[in-house]
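A structural walkthrough
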Amino acid sequence: MSEITKAATTQAEFLRLIDTQLAARQFDLASETLKQAYDADPSAPEVRLREALLNQQQGRLEAAAQTLQRLASDYPAFIRAKAQLLNTLLLADRLIDIPENQELVNTVLEHQNNNFYALKAQLSLALQNTNSREHSNNIEEALRISLKHHPFGYQFIDICIKKLSPPQVEHLFNNCSDIPSPALKLRNAQRLIRRNTPKAALLLLSQAYDISSEHLPVIRSLLHLLIDLDKHDEFSNLIEASSIHLKSEEEVIKFKLLSLLKQRKFHEAITLSKSLKKHPNLKPETIDAYIQLILKINKVDEFKYILESFGNKINPIQQCEIYYRLGDFSSSLHKAEQAMQKRPDVQSITAYYQSLRALGEQQRGIDTLEQGIKQFKSISLYGLLIKANAETGNKERCIQLLEIVENLFKKPKAFADILHSTCMILRSDLGMLEKFKLWANTYKSPQYITYYIDILRICGQHHEANQIDNKFQVQPTDFDRKLNLITELQKISLDNANHLTPASCFAWIKADKTQWQFIDWYGRARWGQQANRLFTKAFSTDCSQIEPDWDQYPLINTDMSPITSLLSKKKGLVIASSHRGPVAASMVAMKRAGISTRIIATTGRSLEPHFRTSFLTEQPHTAIKQLIASLKDNEAIISSPDLSKGKGGIEFDFMHGKLTLAPIMPRLCYRNRTPSLWMKAYWTEANDIAIEFRELPSPEPEELESAFIERWGKAYLDLLEQQLCGDPANIGFSEEWRSWAIPQPGVANALA
């Protein structure tokens, strides 16, 4: 006899001990105690009942049912044994609609009208006949009786959801909507959320909360829904009222964290998340909320802490994302593979492809996506596959896939986005020019018009592009006309600023850690993102006006002598800028100074008459003649060569990756012996805009053109790298950061 059972000397004590052991799922101990109880009284019905319960809990349902059937036969008044027999038959899915089972249900309910197992069995029997109105009424009556006695009886509702069709469930729930059951209202609300009718779900959850303000499933669901619907004041009131009912401080913090995340109050969320570190064993859902925050703001300096602290508690997709952003692409690939093996879906396939692409295994990535579109009807997977084929120059496959997307998904907006992106990568209209024309004429929205103009320009049809630009000139709204940039800049709030793209984590790798703490760097980057958007909006509005307000920009008075000095040589001037920061401020400075300027572009809308524009695309001869003529007239030519997408670009080593520069600017310098200048517009610490000038190389007397272009390109990229590693308000976060910041993909943690 074990030490535990020595103290049990009476049958009652044995039974209490067995019940305790069963509740703790200590089956070996319960079995040993059961033997001792049988030794004390081999025929005791209560002992035999415990044997059946032990078998039931261990999954030996057939043995349990046999014992209970004998008990029910030997002791007709033993109601508990009959109730457990019904429970065992339900667990074994053996409760069929026969008179014996119906009689068993009635017998139990006659003695105990609220017996949970009997009520569940009664409902289950009713659900076996669902084809007539009479049977439908029987189901409704059985559910009403069950929920009357057990208003929190989720099992009653779940069995209905399992056995009935969706229309039958809806009919049943509507007929029973008057029942004051929190469980019924919660399950109905969850059904409505899945059907994307959250406001109707909110009404039901509010009713459930009014019935029972302490019921945790309702509280949790209501908190989640209030966050999703951006009802943050109501959320705050509910979380304050419900904190005492939620199980722990950790759970309260989790919900507050999710609310702050939805409101983009990242600074407050970071402060709150620090309190989680004092909790030694965080629950998976809390870890998930914390990781959502860290990934949302790309808080790179927390990534290693997450991996070390939570390890396998993090799901493979999140681990994959963290390793990816750390630059450890081999580990991210391994985790994506684990996720695909565990549960292949669009998310895991996408993660696997991105890791392969980062490792330079583009063809394996394409093969993965090809398999993915066979499994899942996903426009995002098709979009990735089309882009991957475009990047490898497989125009024919792109055309095939685009046709499938157009016919399969019937989403004109998404299809237009994918088609435009593909055409821009391949620098071809793919025979779709008329489709872009139709969209522009039909929808007359700025986006479709810009798409059409872009495609015309890459086809070299600049005259037609200018005609379309003039025909559909989009007039700014009254708000835009009244927009005062300086006032709007002062209104910028980080509480509602958009978070940055994942590429920002790679930019942080190259940041000067002696000058920046991550949270300050990230906040400044988010401020810059908003400021640059406002600047671009103000500039676009001014360019559409007859009399622009060039004085509304917070541009510090600039000494333009570096430009005027070089123009005094009467050779014209080539000015190189970048696509980062308040880019167009350079043009505003030129306009204010009255310096005649021509812009080089490849696509987009013309800025004339305020800025003369030459477009270099498929047929650049006319544009090049314009540029040469401008230099002969001693004018300045300005452009940003750092995002070259056209043909003939020259690839340079840049940081740890590559960057393609358009060679037109150094080529003009070489052939016309024209001086060139770096001109950078940037945000100052005071949030004004300043201009920086640096002279770029000039050709040596005997220097070859190719050698000069190489030397000029390296000098330009040195200045660009200084900008990109500086104030994050002026750097931008393009996809190329991944290759620029990581020394050898997949080999070493870039933060180590």
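First, a word on scope: everything that follows refers to the structure included in this document. (Residues numbered from 1 in each chain as written. Predicted model: local features only at pLDDT ≥ 70, side-chain atom pairs only at ≥ 80, totals over all residues. Heavy atoms only, no water.)

Strands sit in the order β3-β2-β4-β1-β7-β8 across an open sheet of six strands; the sheet is mixed. The open sheet has two edge strands with one neighbour each: β3 (612–615) and β8 (689–695). Mean inter-strand twist for the sheet, computed between neighbouring axes without regard to direction, equals 30 degrees. As judged from the four bridges shared by strand β1 (residues 573–576) and strand β4 (residues 636–639), these two strands associate in the parallel manner. Counted as the bridge partner of I575 is I638 from β4. Across the sheet, helix α33 (residues 518–543) lies against β7 (676–683) and β8, angled at about 110 degrees from β7, the strand it touches most. Most of the contacts of helix α37 (residues 664–672) go to β1, to which it runs at about 160 degrees, and overall it touches β1, β2 (597–601), β4 and β7. (Pairing = 2+ DSSP bridges. Helix = DSSP H or I, 4+ residues; strand = E, 2+ residues; numbered from the N terminus. Axes fitted to C-alpha atoms, helices over the stretch in contact; angles between N-to-C directions. Contact = heavy atoms within 4.5 Å.)

Given two aromatic rings, their pairing is described by the distance between the two centres and the angle made by the two planes. Counting across every chain of the model gives 27 aromatic pairs. Their ring planes at 90 degrees and their centres at 6.0 Å tell us that F116 and Y117 sit as a pair that is edge-to-face. Residues Y305 and F310 carry aromatic rings whose centres are separated by 6.2 Å and whose planes lie at 75 degrees to one another, so their mutual orientation is edge-to-face. Just above the ring of F255 sits the side chain of K254; from NZ or CZ to the centre is 4.3 Å. When the ring centre of F611 is taken as origin, the NZ or CZ atom of K591, which lies over that ring, is 4.9 Å away. (Phe/Tyr/Trp six-rings, centres within 6.5 Å; stacked < 30°, edge-to-face > 60°. Lys NZ or Arg CZ within 6 Å of the ring centre and 35° of its normal.)

Attention now moves to the nonpolar core. With 151 residues, the main nonpolar core has L123, L293, F506, W521, Y716, F733 and W737 as its most contacted residues. Looking at this core, the element that brings in the most residues is helix α14 (residues 216–228), giving eight residues. If we ignore the near neighbours within four places in the chain, the residues touching L123 are I139, A142, L143, F156, I159 and C160. Residues Y382, L385, A416 and I468 belong to the second largest nonpolar core, which totals 40 residues. (Core = buried A, V, L, I, M, F, W, Y, C linked by side-chain atoms within 4.5 Å. Buried < 20%, exposed > 50% of the residue type's maximum accessible area, 1.4 Å probe, protein only.)

The pairing of strand β5 (residues 650–654) with strand β6 (residues 657–661) spans five bridges and is antiparallel. Within β6, the position partnered with F652 by the bridge is L659. The antiparallel hairpin formed by β5 and β6 contains two residues in its connecting segment, where M655 sits at a positive phi of about 50 degrees.

This part is about the packing of helix α24 (residues 379–391) against helix α25 (residues 395–409). For any two helices packed against each other, the geometry comes down to the angle between their axes and how far apart the axes lie. Contact geometry of α24 with α25 gives a least axis separation of 9 Å together with a crossing angle of 165 degrees. With respect to each other, α24 and α25 are oriented roughly antiparallel. Relative to α25, the crossing made by α24 is left-handed. Facing I379, Y382, L385, I386, N389 and A390 of α24, the residues of α25 in contact are R397, C398, L401, L402, I404, V405, L408 and F409. Classifying every residue of the contact of α24 with α25 by side-chain character gives 12 nonpolar, one polar and one charged. (Parallel < 35°, antiparallel > 145°, perpendicular 65-115°, else oblique. Left-handed = near helix turned anticlockwise from the far one by under 90°. Nonpolar A, V, L, I, M, F, W, Y, C, P; charged D, E, K, R; others polar.)

Within the element layout of this structure, L426 appears in helix α26 (residues 412–426). The sequence separation of L426 and C398 amounts to 28 residues, and the corresponding C-alpha distance is 9.8 Å. Aside from chain neighbours lying at most four places away, what touches L426 is A390, G393, K395 and C398.

So, on to the side chain of T350. Residue placement: T350 occurs in helix α22 (residues 346–358). Judged by relative accessible area, which is 17%, T350 ranks as buried. Those residues within four positions of T350 in sequence are excluded, and the remaining contacts are L381 and L384.

By the definition in use, this model includes 26 salt bridges. Of the charged contacts in the structure, one is a salt bridge between R195 and E170, with a shortest N-O distance of 3.4 Å. Linking R195 in the loop between α12 (182–194) and α13 (198–211) with E170 in helix α11 (residues 166–175), this pair joins segments that are 25 residues apart in sequence. Salt-bridge contacts for E361 lead to R364; the nearest nitrogen and oxygen are separated by 2.8 Å. Classification of E361 as partly exposed rests on a relative accessible area of 30%. Taken together, the salt bridges that share partners define one network made up of D19, E46 and R50. (Salt bridge = Lys/Arg side-chain N within 4 Å of Asp/Glu carboxyl O.)

Turning to helix α2 (residues 11–23), a few remarks are in order. Given 3.6 residues to a turn, an α-helix orients residues that are three or four positions apart in the same direction. Taking 1.5 Å per residue, 13 residues should reach 18 Å; α2 reaches 18 Å between its end C-alpha atoms and fits that length. Along α2, the residues that are buried comprise F14, L15, L17, I18, Q21 and L22. Down the axis of α2, the buried side of the element spans an arc of 165 degrees, and every buried residue falls inside it. Those residues of α2 that are exposed and aimed more than 90 degrees away from the buried face are R16, T20 and A23. Phi turns positive one or two residues past the end of α2, at R25, with a value near 60 degrees. (Expected span 1.5 Å × (residues − 1). Arc of directions from axis to C-beta.)

By the criterion of burial, β7 is predominantly enclosed, with seven of the eight residues buried. Looking at chain direction, β1 and β7 are connected through three bridges and run parallel. By the bridge assignment, A576 is partnered in β7 with W678.

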